[in-house]
Amino acid sequence: MSRDSILKAIKQNQPELRPLPADVDFYFEQTEAAEKFKQVLEFIGGRFVEANNYAAVKASLENTFPQAQRWITAIDEFSELATLIQPGDPHELENVDVAIIKAHFGVAENGAVWVTEDLMGARALPFITQHLVILLNRNNIVPLMQQAYQLIAEKDYGYAAFIAGPSKTADIEQSLVIGAHGPRSLTVFLLDSDN
Amino acid sequence: MKVGLFVPCYINQFYPKVAIDTLELLEKLGLEVGYPLNQTCCGQPMANSGYEHLTGSTNELFTQNFAGYDYIVSPSGSCTLHIKDHLHSDKAPAEAKSIRSRIYELTEFLTDVIKVDSIKASFPYRVGVHQSCHGQRGLKLAQMTELTAPAFSKPEQLLNMVDGIELIPLTRADECCGFGGTFCVAEEAVSVKMGKDRVADHIKNNAEYITAADMSCLMHMEGILKRQNSPVKVMHIAEILNAAMV
Amino acid sequence: MSAVKDHAALAQAFNKDEKRVDWHDETLWFVRAKRDRASHGIPDWELLRETASQIKHNVLSNMHDYLVQFEGNALANGIKIHWAADAAEHNAIVLSILKEKGIDRMVKSKSMLTEECHLNDFLQDNGVEVIDSDLGERIVQLAKEPPSHIVLPCIHKKKEEIGDIFHEHLGTAAGESDPQILTETARQHLREVFLTRRAALTGVNFAIAETGEFVVCTNEGNADMGAHLADVHIASMGFEKLIPQRKHLSVFLRLLTRSATGQPITTYSSHFKKPRPGQQMHIIIVDNGRSIQLGREDFRNSLKCIRCGACMNTCPVYRRSGGHSYHTAVAGPIGSILAPNLDMKKYADLPFASTLCGSCSNVCPVKIDIHDQLYKWRQVIVKNGYSTKTKTAMMKGMTLALSSPAIFNISGKAGRLALKFIPFAVNNGLNPWYKQRDMPTPPEGSFTDWYKKNRKGEQP
Ligand code: SF4
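Computed from a prediction, not measured in an experiment: that's the story for all the values here.

*Asks:* It is not clear to me how the overall build of chain C should be interpreted in this structure. Could you clarify?
*Replies:* Scanning chain C from terminus to terminus reveals 23 helices and ten strands. Its C-alpha atoms give chain C principal-axis dimensions of about 90 × 55 × 45 Å. When each of the 460 residues of chain C is scored for burial, the buried share is 66%. A fraction of 73% describes how many contacts in chain C between residues 6 or more apart in sequence connect residues 24 or more apart. For chain C, the exposed surface amounts to about 15,600 Å²; the carbon and sulfur share of it is 53%. Positive and negative side-chain charges of chain C, numbering 58 and 50 respectively, have mean locations separated by a distance of 5 Å.

This is the structure in structure tokens:
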């Protein structure tokens with residue numbers, strides 16, 4: 001193993017210590033967070049829907065995905081519409097059409113939501129599903145990534161992700177195609193309450 | 001105030017009119033201008049090719065020539081930048097260091113030191129301004145499109161004082177023309193392609209003249225324009241600022 | 001093409017098809033324009049760049065301790081850590097991990113480091129099949145070419161050419177070139193791959209010393225599809241990917257994608273901290289010349305790079321010469337200051353493949369002084385004897401003429417020696433200037449001649 005020789009070379013060659021910048025939370029943009037979030041999310045190909053409660057979300061989802069066969073969720077309250085996810089082999093999620101999960105918070109400047117693996121049920125779920133639905137509480141939108149990391153700086157998780165829009169690629173001549181390897185659509189429901 | 005005129009080697013040899021206009025322009029502003037006859041070159045051609053170690057003698061010569069002047073002014077952003085960044089002397093190290101802060105490119109000298117607010121010149125044509133990279137990104141003669149910062153342009157500030165002139169906007173405001181010193185021959189294919197594209201941007205936007213604070217970029221673009229038999233002409237900014245009133 | 005790969009020759013070949021050069025240039029300029037729109041929308045953009053730069057300077061100066069801290073935390077999180085001195089050791093480690101599990105097929109998401117290490121070739125030679133899952137990388141893999149851009153691997157390929165590749169390998173209809181249809185085909189093809197591979201290799205965008213986690217950014221979701229479905233996740237990283245604290249991600253994630261493609265953030269910014277139950281997670285920390293670069297005072301800052309690709313998109317030379325003209329895994333301006341560290345002779349041409357226009361340094365989100373380093377590499381390369389004899393002779397001749405006012409000032413059009421030594425007007429029959437450009441017409445006399453006649457004449 002080259003560990004020690006690499007570390008030794010680094011120690012020898014690294015320059016004199018330079019300080020970290022005192023402050024990385026220097027900027028606070030005062031915008032209407034929910035409005036900005038909606039704008040950006042739509043710009044990056046996501047759907048944004050405001051809903052009063054879970055009942056409204058369910059009604060909307062049944063309308064949006066009439067063809068969907070397999071629904072999976074990690075939210076107890078959705079267990080009539082979708083099957084509650086169980087621990088197990090992620091390969092079994094292969095044919096999921098719609099997955100419904102919650103996010104901790106959203107970020108207005110880039111339309112991303114923060115989801116840790118406990119909210120996903122399985123790490124693979126938000127990626128393998130054809131369509132992803134995420135519930136977000138209106139009070140949980142921060143303007144910038146700086147505030148986002150203030151919220152998660154001390155949190156523990158095994159896996160977590162910022163998810164911003166549906167999966168996409170522009171690898172062929174820079175023309176944007178939605179639905180690369182992950183979900184073909186992402187819908188964020190903005191809710192006033194948590195039920 | 002005593003101003004020393006530094007005329008880059010290729011301007012001296014190929015474009016004496018640019019140097020004459022620069023001199024006359026400075027004289028018209030009432031400045032006492034001297035021209036050390038023993039000047040040759042700033043040494044940039046060697047340095048940019050990786051031979052900075054050969055520039056000792058041009059450096060000494062430069063330092064000797066311009067030691068007596070309060071300001072050194074040159075109609076070239078590129079050569080000015082080279083002196084600012086690299087001039088040093090073993091014989092007179094302090095003098096060389098001081099020259100580095102006393103040298104100015106012509107347009108910045110006019111806007112920042114002399115602070116001219118009017119120019120008696122007339123040039124009733126559509127003109128595209130080419131921002132030479134060394135002038136713009138090196139000397140900060142104009143704001144750079146890459147940055148999130150307020151716009152300004154010292155060359156345009158001056159050109160706007162000229163009677164009848166119409167500055168045309170470019171599709172790519174500050175793309176390099178591809179001259180690049182020895183790059184222009186070492187990387188002939190890319191250099192020419194960059195030059196063609198730059199020229200095409202000016203033509204597409206209806207320029208009659210292309211101007212710049214660097215004659216080297218203009219020489220490169222002129223070579224391309226001439227080969228294309230284009231009616232569009234190049235003109236150093238000093239030639240426009242010193243153009244007679246009509 | 002000469003035997004020794006040379007940027008100028010490769011670029012000349014690329015320029016044979018001018019229409020294609022225009023297309024390549026416009027496509028990348030479009031990305032630069034998107035980057036401008038995104039960055040100009042952030043009032044504190046320049047402050048963000050400065051902050052990112054300072055964080056990276058701190059990392060370089062404290063690399064040893066951060067690495068040890070990272071290693072400790074990652075181990076505590078249940079991740080296995082490996083160290084590789086060079087490409088060969090990195091590749092051997094990957095192979096041994098796979099062998100131990102009896103795996104002979106692996107899916108891989110984008111990792112420029114594995115390109116640098118030529119991992120695919122090595123594994124193939126050792127009986128392991130590797131499939132690249134990033135669409136652009138899959139395309140160049142099927143075409144048997146290296147990526148030409150670190151963020152947009154197949155940016156040099158036209159959709160019709162991609163259509164032909166897909167027709168041959170993935171059974172799309174002949175002549176089909178609709179990006180939508182091609183992407184859907186790749187989706188189906190790669191979904192099968194994700195579902196059947198037991199090992200996935202990903203790159204690392206950021207590794208966090210404070211927590212021992214690493215972050216991978218993709219738009220397609222391919223890194224996650226691979227990793228979450230595999231029994232073994234291998235993440236390869238150059239040691240410079242470290243950042244001190246999780247909160248520093250706020251700065252880098254704001255900069256990275258805006259600089260890269262003009263998006264506000266990639267679709268997925270995945271934070272891997274612990275393996276999922278039953279999964280093995282490995283991190284391979286690679287040196288491969290980086291510790292040497294860290295010791296080069298003038299060039300160590302190149303290790304601040306976060307591989308956004310902005311310097312390539314803005315580079316007027318890159319746009320008109322194509323990524324392959326740099327004949328190295330990382331092309332463009334950043335590649336030209338990284339490559340000579342690895343092999344000064346082989347890459348002696350790259351620092352000269354630039355006009356030193358400086359646009360690269362201005363777009364760089366971590367403020368690497370790229371064009372200054374190109375200038376400095378030129379000096380180092382010449383001093384180490386990797387310049388040609390003709391060029392050296394020419395430079396010495398030029399120096400002689402320019403060092404002597406007497407020679408320089410010989411007057412008269414015919415006799416003016418200086419005309420021969422004006423840098424770019426090197427007067428020989430093969431003058432490349434003249435191929436596509438007219439020479440300026442030398443006037444009767446120089447400015448000095450005029451001055452002597454018309455002014456009193458300043459004494460030297
Ligand atoms: S050098 Fe800077 S601009 Fe270029 S890829 Fe690296 S971070 Fe991006």
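*Asks:* Even after reading the chapter, I still don't get the overall build of chain B, so can you show me in this structure?
*Replies:* The helix and strand tally for chain B stands at 13 helices and eight strands. For 246 residues, the compact-globule estimate of 2.2 N^0.38 gives 18 Å, and the C-alpha radius of gyration of chain B, at 17 Å, lies within 12% of that figure. Projected onto its principal axes, the C-alpha positions of chain B cover 50 × 45 × 40 Å. Every one of the 246 residues in chain B was classed for burial, and the buried ones make up 68%. For chain B, contacts bridging at least 24 residues in sequence account for 75% of all contacts bridging at least 6. Per element, the accessible surface of chain B, about 8,000 Å² overall, is 52% carbon and sulfur. Charge separation in chain B, taken as the distance between the mean sites of 22 positive and 28 negative side-chain charges, equals 2 Å.

*Asks:* Where do I start with the interface of chain C and chain A in this structure?
*Replies:* Interfaces are often sized by the amount of accessible area the parts lose when they come together. Between chain C and chain A, the residue contacts involve 100 residues of the former and 72 residues of the latter. Here chain C packs against chain A, burying approximately 7,200 Å² in sum over the two surfaces, 59% of which is carbon and sulfur. When the buried area of chain C at its contact with chain A is split by residue, Trp-83, Arg-187 and Arg-246 of chain C rank highest and sum to 10% of it. For the pair chain C and chain A, the number of links is six salt bridges. Between Glu-71 of chain C and Arg-3 of chain A there is a salt bridge; the shortest N-O distance is 2.6 Å. A total of twelve residues in the side of chain C that touches chain A trace back to one element, the largest contributor, which is helix α10 (residues 179-196) of chain C. Counted by class, the side of chain C that touches chain A contains 46 nonpolar, 29 polar and 25 charged residues.

*Asks:* Help me understand the site of the ligand, please; the structure alone is not making it clear to me.
*Replies:* If you check the shell around the ligand, you find Cys-305, Ile-306, Arg-307, Cys-308, Gly-309, Cys-311, Ile-334, Cys-364, Pro-365, Val-366, Ile-368 and Ile-370 of chain C and nothing else. Among the residues making up the shell around the ligand, the classes are represented as ten nonpolar, one polar and one charged.

*Asks:* In this structure, what is going on with the nonpolar core? I would like to understand it.
*Replies:* Soluble globular proteins tend to pack their nonpolar side chains together in the buried interior. The biggest cluster of nonpolar side chains holds 239 residues, and the ones touching the most others in it are Phe-162 of chain A, Leu-26 of chain B together with Phe-214 and Phe-447 of chain C. Each residue touching Leu-26 of chain B, except ones within four places of it in the same chain, is listed here: Val-3, Leu-5, Leu-31, Val-33, Val-73, Leu-106, Phe-109 and Leu-110 of chain B. Of all hydrophobic cores here, the second largest spans 21 residues; its members include Val-94, Ile-103, Ala-199 and Leu-201 of chain C.

*Asks:* How should the interface of chain B and chain C be read in this particular structure?
*Replies:* Taken together, the contact between chain B and chain C spans 77 residues of the former and 86 residues of the latter. Taken over both partners, the interface formed by chain B and chain C buries close to 7,100 Å², and the fraction arising from carbon and sulfur atoms is 60%. Among the residues chain B hides against chain C, the three largest losses belong to Gln-13, Phe-14 and Leu-37 of chain B. Together they make up 11% of the total. Connecting chain B to chain C are twelve salt bridges. For Glu-26 of chain C, the salt bridge goes to Arg-172 of chain B, with nearest N and O atoms at 3.4 Å. Where chain B touches chain C, the interface holds 39 residue pairs in polar contact (both at pLDDT 80 or more). The element contributing the most residues to the side of chain B that touches chain C is helix α11 (residues 188-204) of chain B, with nine residues. Residues that form the side of chain B that touches chain C fall into these classes: 37 nonpolar, 24 polar and 16 charged.

*Asks:* Is there a simple way to explain the state of the cysteines in this structure?
*Replies:* Here a disulfide denotes one covalent bond, and it connects the sulfur atoms of two cysteines. All names here are of chain C. Taken as a whole and judged by the stated rule, the model has zero disulfides over all chains. The thiol of Cys-117 is not disulfide-bonded; the next cysteine sulfur, from Cys-305, is found 16 Å away. The thiol sulfur of Cys-315 is not disulfide-bonded, and the nearest other cysteine sulfur, from Cys-357, lies at 6.5 Å.

*Asks:* Whenever I open this one, the packing of helix α1 (residues 3-13) of chain A against helix α4 (residues 63-76) of chain C confuses me. Can you help?
*Replies:* Between two packed helices, the angle of one axis relative to the other and the distance separating the axes together describe the packing. Where α1 of chain A contacts α4 of chain C, the axes come no closer than 8 Å and their chain directions differ by 145 degrees. Residues Arg-3, Leu-7, Ile-10 and Lys-11 of chain A of α1 of chain A lie in contact with α4 of chain C, whose contacting residues are Met-63, His-64, Asp-65, Leu-67, Val-68 and Glu-71 of chain C. In terms of residue class, the contact of α1 of chain A with α4 of chain C is made up of five nonpolar, one polar and four charged.

*Asks:* Can you help me understand the sheet that holds strand β4 (residues 103-105) of chain B in this one?
*Replies:* Sheets are built from strands that pair by backbone hydrogen bonding, the pairs being arranged parallel or antiparallel. All names here are of chain B. The strand order β2-β1-β3-β4 describes an open sheet built from four strands, whose pairing is parallel. Every other strand in the sheet has two partners, leaving β2 (32-34) and β4 as the edge strands with one partner each. Each neighbouring strand pair of the sheet contributes to a mean axis angle of 35 degrees, computed without reference to strand direction. In terms of strand pairing, strand β1 (residues 2-5) meets strand β3 (residues 71-74) through three bridges, oriented parallel. Bridge pairing in β3 places Gly-4 opposite Ile-72.

*Asks:* Got a minute to help me understand the domain arrangement of chain C in this structure?
*Replies:* Taken domain by domain, chain C comprises domain 1 (42-288) and domain 2 (402-454). Each of domain 1 of chain C and domain 2 of chain C has a C-alpha centre, and these two points are 54 Å apart.

*Asks:* Honestly, α1 of chain A in this entry has me stumped. Any pointers?
*Replies:* Note: α-helices contain 3.6 residues per turn, so residues at a spacing of three or four share the same orientation. Every buried residue of α1 of chain A is listed here: Ile-6, Leu-7, Ala-9 and Ile-10 of chain A. Down the axis of α1 of chain A, the buried set is contained in an arc of 160 degrees. They therefore lie on one face. Turned more than 90 degrees off the buried face of α1 of chain A, the exposed positions are Asp-4, Lys-8 and Gln-12 of chain A. If you follow the buried residues of α1 of chain A, they end up packed against α4, β1 (80-84) and α13 (290-295) of chain C.

*Asks:* Help me understand the confidence of the model for chain C, please; the structure alone is not making it clear to me.
*Replies:* Here chain C averages 93 in pLDDT, while 94% of its residues score no lower than 70. Confidence estimates for the predicted assembly give a pTM of 0.96 and an ipTM of 0.97.

The rules behind these values
Along each chain, residues carry numbers from 1 onward, in the same order as the chain's sequence is written. Lettering for chains starts from A, numbering for ligands starts from 1, and both go in the order in which the items are written. Restriction of local features to residues with pLDDT of at least 70 applies here, the model being predicted, together with a cutoff of 80 or more for giving and counting side-chain atom pairs; totals for whole chains, interfaces and linings are based on all residues. Note that water and hydrogens are dropped before the side-chain values are worked out from all heavy atoms of the structure. Secondary structure follows DSSP: runs of H or I at least 4 residues long count as helices, runs of E at least 2 residues long count as strands, and numbering of each begins at the N terminus. Exposure categories follow from relative accessible area, calculated using a 1.4 Å probe and restricted to protein chains: below 20% of the type maximum is buried, above 50% is exposed, and the middle band is partly exposed. Between two residues, a contact is recorded if the distance between any of their heavy atoms is within 4.5 Å. Residue-level accessible areas treat just the shown protein chains as cover; the underlying method is Shrake-Rupley with a 1.4 Å probe. For the charge count, each Lys or Arg is scored as positive and each Asp or Glu as negative, with His and the chain ends excluded. We put the charge of a Lys on NZ, of an Arg on CZ, of an Asp on CG and of a Glu on CD. A radius of gyration in this sense is built from C-alpha atoms; the matching globule rule multiplies 2.2 Å by the number of residues raised to 0.38. Buried area, as used here, totals the accessible surface that two parts lose on assembly, with accessibility defined by a 1.4 Å probe and the loss added over both. Should a side-chain nitrogen of Lys or Arg be within 4 Å of a carboxyl oxygen of Asp or Glu, the pair is scored as a salt bridge. Throughout this entry, Asp, Glu, Lys and Arg are counted as charged residues, while Ala, Val, Leu, Ile, Met, Phe, Trp, Tyr, Cys and Pro are counted as nonpolar. The remaining residues, Gly among them, count as polar. Nearness here has a simple test: a residue counts as near a molecule or strand if at least one of its heavy atoms is within 4 Å of that partner. The criterion is simple. A nonpolar core is a set of buried Ala, Val, Leu, Ile, Met, Phe, Trp, Tyr and Cys residues joined through side-chain atoms within 4.5 Å. The definition of a polar contact used here is a pair of N or O atoms within 3.5 Å, where within protein one atom must be able to donate a hydrogen and the other to accept one, and adjacent residues in sequence count solely through side-chain atom pairs. The criterion for a disulfide is a pair of cysteine sulfur atoms lying within 2.5 Å. Inter-axis angles, ranging from 0 to 180 degrees, are taken between N-to-C directions of lines fitted to C-alpha atoms, where helices are fitted over the stretch in contact. By the convention used here, strands pair only if DSSP detects at least 2 bridges between them. Source of the domain bounds: an automatic or database domain assignment. Directions pointing from the helix axis toward each C-beta atom define the arc. Confidence of the predictor at the level of single residues is given by pLDDT, which spans 0 to 100.

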